[in-house]
Amino acid sequence: PYSVASSGLNVAAMVSDGAGGWYAGGSFSPVDGQPRQSLVHLRADGSVGRAFCADGAGPVTAHARRGRARAELGRHEGALADYGKALETVKDRAEWFAGRAASALALGKWGVAADDLTAATKLQDRDASLWRSLARAEAERGRWAECALALSKATRYDQGPEAWREQAVALLSAGDAKGYQQACS
């Protein structure tokens, strides 16, 4: 069986495959004689997964995957750092900005979350969930006009009654009675 500990691999992140094995990302190639560049599946029996081949993923993707894994475990400070490393190099991945923003929201870092969600919405303008998350960050900062604007964008792509109610509350909180009346009609 293959051993990561004795391999000399430079592993930056590992995520369970849910069956006793691991997906490992880092700076390496090949692995156990198999052409694997930067990402490998190590099965529970210690063998290298032959069917899984995601060559070219690179260490940047490993940082983002580790960020997601840390966030899922509630390790939001680490997730912020990992997503930050990935975004230093690749700045066009809305899901990475959104992932870092989710950890920032969990930590009460409203400004960081708002900045990341603004970047994400520039990349994926039609994603209502990104706009709703941005609205939450702006509301937590007490920036009601920005919250109302984000919610109006969300309602453009999500026509459900909950979206309209959220927008109406934000408009009322911002002191926009006329906007509130229009949203409720």
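On a predicted model such as this, the values are computed, not experimentally measured, just so you know.

Our focus in this paragraph is the overall build of the chain. What the chain contains, in helices and strands, is 8 helices and 3 strands. The secondary structure elements of the chain, listed N-terminal to C-terminal, are β-β-β-α-α-α-α-α-α-α-α. Within the chain, the proportion of its 185 residues that are buried is 39%. Taking the contacts inside the chain whose residues are at least 6 apart along the sequence as the reference set, 30% of them involve residues at least 24 apart. Counting only carbon and sulfur atoms, one obtains 50% of the accessible surface of the chain, whose full area is about 9,800 Å².

In helix packing, the relevant descriptors are the interaxial angle and the interaxial distance, both defined with respect to the helix axes. One can describe the packing of helix α5 (residues 128–140) onto helix α6 (residues 144–157) by two numbers: an axis separation of 8 Å at closest approach and a directional angle of 165 degrees. Looking at the two axes, α5 sits roughly antiparallel to α6. When you trace α5 past α6, the crossing you get is left-handed. In contact with A128, W131, R132, L134, A135, E138 and A139 of α5, α6 contributes W144, E146, C147, A150, L151, K153, A154 and Y157. Class assignment of the residues belonging to the contact of α5 with α6 gives a composition of 11 nonpolar, no polar and 4 charged.

What follows deals with helix α4 (residues 110–123). For α4, built from 14 residues, the straight-helix expectation of 20 Å at 1.5 Å per residue is met to within 8% by its first-to-last C-alpha distance of 20 Å. Listing the buried residues of α4 in full gives A113, A114, D116, L117, A120 and T121.

One finds W96, A113, L117 and L134 to be the most contacted residues of the largest nonpolar core, which totals 28 residues. Elements represented by at least two residues in this core include exactly α2 (76–89), α3 (94–106), α4, α5, α6 and α7 (161–173). A per-element tally of this core places α3 first, with 6 residues. With near-sequence residues (within four places) excluded, A113 lies in contact with A101, A104, L105 and A137.

For the pair α3 and α4, interaxial distance at closest approach is 8 Å and the crossing angle is 160 degrees. Regarding the angle of α3 to α4, the classification is roughly antiparallel. Seen from above, α3 lies across α4 with left-handed handedness. The residues of α4 that touch α3, namely those facing A94, F97, A98, R100, A101, A104 and L105, are W110, V112, A113, D116, L117, A119, A120 and L123. For the contact of α3 with α4, the residue count by class is 13 nonpolar, no polar and 2 charged.

A few words now on the environment of T61. Topologically, T61 is positioned in helix α1 (residues 58–72). Accessibility expressed as a relative area gives 18% for T61, which makes it buried. Spatially, the C-alpha atom of T61 lies 9.7 Å from that of K85, the residues being 24 residues apart in sequence.

The subject of this paragraph is the confidence of the model for the chain. Per-chain confidence: the chain averages 80 in pLDDT, with 76% of residues scoring 70 or above. The secondary structure element of the chain with the lowest average pLDDT is helix α8 (residues 177–184), at 65, and the one with the highest is α4, at 97.

In this section: the side chain of H63. With respect to the helices, strands and loops of the structure, H63 is situated in helix α1. For H63, a relative accessible area of 16% translates into the label buried. Once residues lying within four places of it in the same chain are set aside, the contact partners of H63 are D82, Y83, K85 and A86.

Applying the stated criterion across every chain, the model contains 9 salt bridges. Residue E72 pairs with R68 through a salt bridge whose shortest N-O separation is 3.9 Å. With E72 and R68 both in helix α1, this residue pair falls 4 residues apart, about one helical turn. On the basis of relative accessibility, which here comes to 48%, the residue R68 falls in the partly exposed class. One salt bridge in this structure joins R141 and E138, with 3.4 Å as the shortest N-O distance.

The rules behind each value
- Residues numbered from 1 in each chain as written.
- Predicted model: local features only at pLDDT ≥ 70, side-chain atom pairs only at ≥ 80, totals over all residues.
- Heavy atoms only, no water.
- Helix = DSSP H or I, 4+ residues; strand = E, 2+ residues; numbered from the N terminus.
- Buried < 20%, exposed > 50% of the residue type's maximum accessible area, 1.4 Å probe, protein only.
- Contact = heavy atoms within 4.5 Å.
- Areas by Shrake-Rupley, 256 points an atom, 1.4 Å probe, with all protein chains shown as cover.
- Axes fitted to C-alpha atoms, helices over the stretch in contact; angles between N-to-C directions.
- Parallel < 35°, antiparallel > 145°, perpendicular 65-115°, else oblique.
- Left-handed = near helix turned anticlockwise from the far one by under 90°.
- Nonpolar A, V, L, I, M, F, W, Y, C, P; charged D, E, K, R; others polar.
- Expected span 1.5 Å × (residues − 1).
- Core = buried A, V, L, I, M, F, W, Y, C linked by side-chain atoms within 4.5 Å.
- pLDDT = per-residue confidence, 0-100.
- Salt bridge = Lys/Arg side-chain N within 4 Å of Asp/Glu carboxyl O.

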